Structures are given as structure tokens and as C-alpha cells.
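As a plain string of letters, each chain reads:
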Amino acid sequence: MRVSRRGLLGGTAAAGAALAIPSTATAAPVVGEKIRSSDARYQDLVLRGQNRRFVGQPDYARVIRSTEDAVQAVQEAVRTGKRIAVRGGGHCFEDFVDNSDVEVLLDMSLYDEVTFDQRYRAFSIGAGAILETVYPALFYGWGVTIPGGGCLGVGVGGHFSGGGYGPLSRLHGSVVDHLYGVEVVVVDARGRARSVIATRDNEYRDLWWAHTGGGGGNFGVITRYLMRTAGATGSDPSRLLPKAPSALLSSITVYDWKTIGQAGFVRAIRNFFDFYERHNTADSPYASLYSPLIITPSSAGNVLLSTQLDASVPNAKEKLAAFNAAMVEGLDPKPAVYDAGEGPFLHTTFERSIAESPSPGRNKWKAGYLRKGYRDEQLVTIHKAMTDTSYSAPDLSVLFVPYGGKVNTVASDATATAQREVMCKMVATVGWSDPAEDAKHLAWIRKLYADIYRDTGGVPVPNEINGGSYINYPDVDLADPAYNKSGVPWHDLYYLGNYPRLQQIKAKWDPRNLFQHKLSIQPARLDLCRVRRKHIEQERTI
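Residues numbered from 1 in each chain as written. Predicted model: local features only at pLDDT ≥ 70, side-chain atom pairs only at ≥ 80, totals over all residues. Heavy atoms only, no water.

Help me out: how do you make sense of the pattern of salt bridges in this one?
Oppositely charged side chains are able to pair whenever their charged atoms sit close together. A full pass over the atoms with the stated rule returns 28 salt bridges. Between Arg192 and Asp188 there is a salt bridge whose closest N-O contact spans 3.8 Å. Among the salt bridges present, the one from Arg239 reaches Asp236, with a minimum N-O distance of 3.6 Å. Given a relative accessible area of 63%, Arg239 falls into the exposed group. (Salt bridge = Lys/Arg side-chain N within 4 Å of Asp/Glu carboxyl O. Buried < 20%, exposed > 50% of the residue type's maximum accessible area, 1.4 Å probe, protein only.)

Here's what the structure looks like:
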């Protein structure tokens with residue numbers, strides 16, 4: 001359960017939250033001090049990343065405590081010509097933050113307050129907050145939640161801006177379907193840093209849209225999010241985000257590698273795909289069903305299906321039993337199904353998780369959206385890889401994570417999150433600790449991925465089965481022709497048809513291309529004079 005619980009399932013420590021209104025006081029902000037390598041705090045800050053393949057050595061780090069703090073920190077970095085990167089929870093899969101080119105690290109971890117902003121009738125969440133803080137704050141404070149991820153150490157800064165999803169997404173959509181606004185520190189063509197609050201209905205709507213799936217590190221420094229469900233009305237906070245379930249039913253199905261065989265493996269995965277294809281509408285009685293399928297290697301002994309369902313849906317126990325029966329149909333011997341019972345929402349979420357690992361290792365992730373289930377040949381490929389006794393790694397898994405439902409009711413261009421015709425996500429991951437083994441483990445997972453997508457150039461080119469990939473699972477291989485042989489550029493795999501619009505917004509709001517990384521949005525080529533005139537006009541209205 002270690003892999004599944006760490007990577008997929010929810011849980012946290014309880015924390016309170018109170019209704020709070022941002023102060024109108026105008027105390028002079030004090031920018032965070034420069035923390036250099038001689039400072040005892042430096043190594044802790046640069047080692048907060050959860051992938052030890054990458055460890056940065058910036059000239060200095062700053063701990064950001066407010067938007068004003070961020071503005072000053074960005075302004076000084078721009079003035080001195082230093083490359084900036086921002087860290088929230090530290091879960092970036094690639095070296096977008098921990099990179100040798102980064103000279104200034106802005107750490108947002110202390111800017112994590114969760115309050116209700118009456119001016120915008122929205123919940124204000126500091127960009128340094130992690131889900132472990134957000135879920136209990138919203139739930140205990142107002143009885144609401146967001147359909148965010150199950151890995152509780154993840155920071156909202158990148159999670160929200162890349163789209164965001166989790167156990168409640170089939171019922172309530174993507175996180176960005178509840179994003180009303182975002183506060184961002186941007187830099188204009190003249191090099192002036194300032195903060196902008198962009199919402200879905202003000203004059204900066206384009207900047208808001210870019211943060212509904214465009215991904216972090218592209219347009220500026222996000223300092224806080226304003227959360228209110230699209231279409232929600234009134235001023236009662238308890239009605240402006242989804243209500244959390246009162247209780248959850250849960251179960252675990254265990255498939256024994258010793259008895260399942262290749263044919264049984266294919267049938268088991270096919271059962272999973274077929275069920276979610278049949279129940280992939282927002283009005284499905286199984287909309288609240290979430291059951292990540294965790295395929296670990298045969299040496300681990302078992303494949304696990306960990307299931308939860310809103311206990312308040314009519315005939316919930318019967319529905320869960322019917323789902324579990326469908327998952328073992330046609331298998332002989334039948335896999336074991338364990339009833340984990342019913343429990344209150346947050347408590348059950350706590351039980352189904354463990355704390356963030358204090359000693360992260362070296363990792364590589366590769367992913368893809370599925371519009372329909374893989375073909376049998378692709379499942380055989382996964383079976384062969386996971387039963388190959390000539391290869392082993394400390395952490396190894398292929399995950400199928402349910403998705404779709406309410407997500408698919410939103411138009412592809414309504415948000416930057418373009419994948420709106422999907423059924424689940426696939427995530428393959430390998431983890432190890434010895435740097436000398438990097439080449440071996442990277443070669444293995446790259447081969448598996450290439451074999452799964454051998455018919456589409458080694459990557460999930462959108463078609464009747466594939467839906468591209470998820471920018472919050474960034475994989476620089478998709479931009480490398482050595483691994484992406486499809487002829488389809490990486491940005492079309494992540495953004496589908498939304499990339500040109502993102503490029504236009506990038507050129508407008510980051511005309512100097514200050515915020516960049518290996519998979520950052522490249523600005524469209526615009527008339528620089530026209531851009532500067534536009535910024536001057538905007539400045540006159542501020």
C-alpha cells in the first residue's frame with residue numbers, strides 16, 4: 001500500500017480555519033531577506049523538492065510572506081538580471097525549479113492562509129498552501145471542499161494552475177472549474193513588477209484563463225487563488241464551493257500475481273476500463289466513485305484497487321458491491337475483496353493516507369489521458385513489463401486513475417485545461433536512490449512508455465483512445481525527438497488546441513519571457529512597440 005497511499009489517496013492532520021477578511025491596513029511590507037548558502041536555512045530550502053534527481057544551487061532564496069513581498073523580490077531580481085523560479089509544495093516532476101540556471105528561488109511555503117474574501121465572495125488561498133492545509137480549513141470552517149488531489153503534500157501553487165484533479169473530480173469537475181480569480185505578480189515590457197488580480201469576469205480575464213490549466217512558472221509569480229464555483233451565487237461561503245460528502249464507503253480489491261496470469265490481468269484491467277466507459281457521465285449514479293488501480297510489479301505480490309464512494313448516494317452499499325463484482329467478473333480464482341466500511345469524510349480521508357516522505361528519492365514519471373481503455377496489446381505490454389524478473393526498482397508502478405464525469409461537461413476552450421473528453425489517466429513511475437542507477441531506471445520507464453504508445457510515435461497522440469497528457473505531470477521527453485517520434489509537438493499533447501491562445505497571453509503578460517522552464521509556454525511573436533503602448537495604457541488606468 002505504500003506506493004498507492006503516498007501517490008494517490010487523501011489524508012491530513014486536522015487544522016482549523018476561521019472566517020477572515022483581508023486587512024485594509026497599509027503597513028509597509030518588508031521583503032524577505034536573501035538567504036545565501038552560508039545561512040543554516042539555505043539547504044533546507046533548496047532541498048524541499050521531492051525529486052532528488054534535481055537539486056538547485058541558487059544565488060539566494062527568499063521566503064515570501066505576502067503579495068507585496070513577492071513584488072519587491074521579483075522587482076529586485078529583474079533589476080539585477082537574475083533568473084527566477086518559484087517553489088510551493090516542491091512536487092515538480094522535472095527540474096523547472098531545481099535547475100542550475102535558476103539564480104533566485106522564491107519560496108512560498110509560509111504564504112498559506114485560507115480565508116474568505118468578502119470583496120470577491122470567494123475563498124482566498126495563499127499560493128504556498130498545501131492540500132494538507134486547504135482541505136481541513138475549508139471543511140472545518142465552512143463544510144466545503146475542492147476536487148483536488150490525493151497527495152496531501154502537494155502545493156496549490158502549481159496544482160491549481162495546471163488544472164488540478166482528485167477523488168472528487170468525477171463528481172465536481174477539475175479544480176479550475178472552481179477558480180474564480182488569481183493574484184499574480186507580473187513584469188511588463190519596461191521591467192516593472194506589479195500585482196494583478198485577474199478574475200473570470202474582470203478586464204484581466206485572459207490572465208485568469210491562462211491559469212485554468214496553463215501550468216505554473218509561465219506568466220508570473222502566483223501569490224493567491226480565489227475559489228468560487230462557476231455559477232455559484234449569493235454571499236454565504238458555505239454555498240460557494242462544493243459540499244463535502246458526509247461519509248465515504250471504501251473497499252480494497254487484491255489481485256494476486258501468483259494466480260491471475262496474463263489473460264486474467266488483461267481481463268481485470270478491461271473490467272476496469274469497461275465500467276468507467278459505461279459510467280462516465282456527470283449524472284451517473286457512480287459519479288462519486290473513485291477507485292485508482294495500482295499495478296505494482298509481480299515481486300510485490302499484488303495488484304490493488306482502492307475504492308471509495310459517497311455513502312449518501314441512494315443504495316450506496318449495493319452500488320459499491322455491484323462495482324466490486326464487476327471488477328472480478330470472469331476471473332478465476334476470484335480476487336479478494338475487503339470491505340473497509342463507512343467513515344466520516346475527512347477522518348476516512350486521513351485513514352487512507354500517510355504523511356509526506358521526509359526522505360524523497362530519485363524519480364521519473366510518464367503519463368497520458370485515456371478517452372477509452374487501452375487495446376489488449378497495450379495491456380499485454382504492461383503485463384510483460386511488470387512481470388519481468390530481470391529488472392527491479394525500489395518503487396515501481398503503473399496507475400490508472402478514474403477521471404471524466406463532471407469534468408467532461410465543460411467545453412475544451414472554456415479553460416486552458418483542454419482535455420474534456422476523457423475517462424481516466426495513466427501514470428507510470430519509477431523511483432530509486434542511487435545516482436549511479438539513473439541510466440538503468442530511466443531507460444526502463446522510457447521503453448515501457450514507448451512500447452505502450454508504439455503505434456503513435458511513442459507518445460499519447462490524441463485519437464479515439466488517447467487524449468494527450470497532463471501538464472502537472474510534466475515530462476521533458478515529450479519535447480525530445482529521440483523519444484517523441486510522432487511529429488506532434490509537446491505543447492499539442494498538453495494543451496491540444498489551446499496553445500496558440502496561451503502564447504498570445506504569454507506575450508502580453510510576460511513580454512520579456514522572464515518566467516520560463518523546459519516546457520514553458522513560448523510567447524507569440526507580437527509587435528513589441530504595440531505591446532509597450534498597451535502596457536502604458538494599462539498603467540494609466542491603475
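What exactly am I supposed to notice about the sheet that holds strand 1 (residues 60-63) here?
Within a sheet, adjacent strands bond to each other through the backbone by hydrogen bonds, running parallel or antiparallel. Pairing in this open sheet of three strands is parallel, and the strands run 1-3-2 from one edge to the other. Two strands lie at the open edges of the sheet, namely strand 1 and strand 2 (84-87), each paired on one side alone. Within this sheet the neighbouring strands show an average axis-to-axis angle of 25°, counted without direction. The pairing of strand 1 with strand 3 (residues 104-107) spans four bridges and is parallel. When the bridges of strand 3 are listed, Ala61 appears paired with Leu105. (Pairing = 2+ DSSP bridges. Helix = DSSP H or I, 4+ residues; strand = E, 2+ residues; numbered from the N terminus. Axes fitted to C-alpha atoms, helices over the stretch in contact; angles between N-to-C directions.)

When you look at the packing of aromatic side chains in this model, what are you seeing that I'm missing?
Each aromatic ring pair is summarised here by two numbers: the centre-to-centre distance and the angle between the ring planes. For the structure on display, the rule yields 31 aromatic pairs. Aromatic pair Phe273 and Tyr374: ring centres 6.2 Å apart, planes at 85°, arrangement edge-to-face. One end of the pair, Phe273, is in helix 8 (residues 257-278); the other, Tyr374, is in the loop between strand 13 (362-370) and helix 11 (376-386), with 101 residues separating them in the sequence. The burial state of Phe273 is the same as that of Tyr374; both residues are buried. The structure contains a cluster of three or more aromatic residues connected by ring pairs, namely Phe272, Phe273, Phe275, Tyr276, Tyr286, Phe323, Tyr374, Phe400, Tyr449 and Tyr453. The aromatic ring of Tyr60 is capped on one face by Lys34, whose charged end is 5.0 Å from the ring centroid. The ring centre of Tyr449 lies 4.6 Å from the NZ or CZ of Lys366, which sits over that ring. (Phe/Tyr/Trp six-rings, centres within 6.5 Å; stacked < 30°, edge-to-face > 60°. Lys NZ or Arg CZ within 6 Å of the ring centre and 35° of its normal.)

What is the right way to read the packing of helix 11 against helix 12 (residues 438-452) from this model?
Helix packing geometry: the angle between the two helix axes and the distance between the axes. Helix 12 packs onto helix 11 with a crossing angle of 160° between their chain directions and a minimal axis gap of 9 Å. Accordingly, the angle class assigned to the pair helix 11 and helix 12 is roughly antiparallel. Regarding helix 11 and helix 12, the two cross each other, and that crossing is right-handed. Residues Gln378, Thr381, Ile382, Ala385 and Met386 of helix 11 lie in contact with helix 12, whose contacting residues are Trp444, Leu448, Asp451 and Ile452. (Parallel < 35°, antiparallel > 145°, perpendicular 65-115°, else oblique. Left-handed = near helix turned anticlockwise from the far one by under 90°. Contact = heavy atoms within 4.5 Å.)

I would appreciate a short explanation of the pairing of strand 6 (residues 179-187) in the present structure.
Here is the key point about a regular strand: its side chains alternate between the two faces of the sheet. The buried fraction of strand 6 is high, at nine of nine residues. For strand 6 and strand 8 (residues 221-227), the ladder comprises six bridges, and the chain directions are antiparallel. Paired with Val182 across the strands is Tyr225, a residue of strand 8. Of the strand pairs in this sheet, strand 6 and strand 7 (residues 193-199) are connected by seven bridges, and their pairing is antiparallel.

Where do I start with the domain arrangement of the protein chain in this structure?
One widely used convention gives an interface's size as the accessible area the parts lose upon coming together. You can read the domains of the protein chain as domain 1 (35-107), domain 2 (114-239) and domain 3 (247-495). Measuring from the centre of the C-alpha atoms in domain 1 to the corresponding centre in domain 2 gives 22 Å. Each partner contributes to the interface: domain 1 provides 10 residues, whereas domain 2 provides 15 residues. Summed over both partners, the interface of domain 1 with domain 2 comes to about 990 Å²; 74% of that surface belongs to carbon and sulfur atoms. (Domains from an automatic or database assignment. Buried area = accessible area lost by both parts, 1.4 Å probe.)

What is the right way to read the side chain of Asn324 from this model?
Inspection of the secondary structure assignment puts Asn324 in helix 9 (residues 316-328). At 3.3 Å, the side chain of Asn324 forms a polar contact with the side chain of Ser251. Residues contacting Asn324, with those up to four places away along its chain left out, are Ser251, Thr253, Thr307 and Val337. (Polar contact = N/O pair within 3.5 Å; in protein donor to acceptor, adjacent residues only side chain to side chain.)

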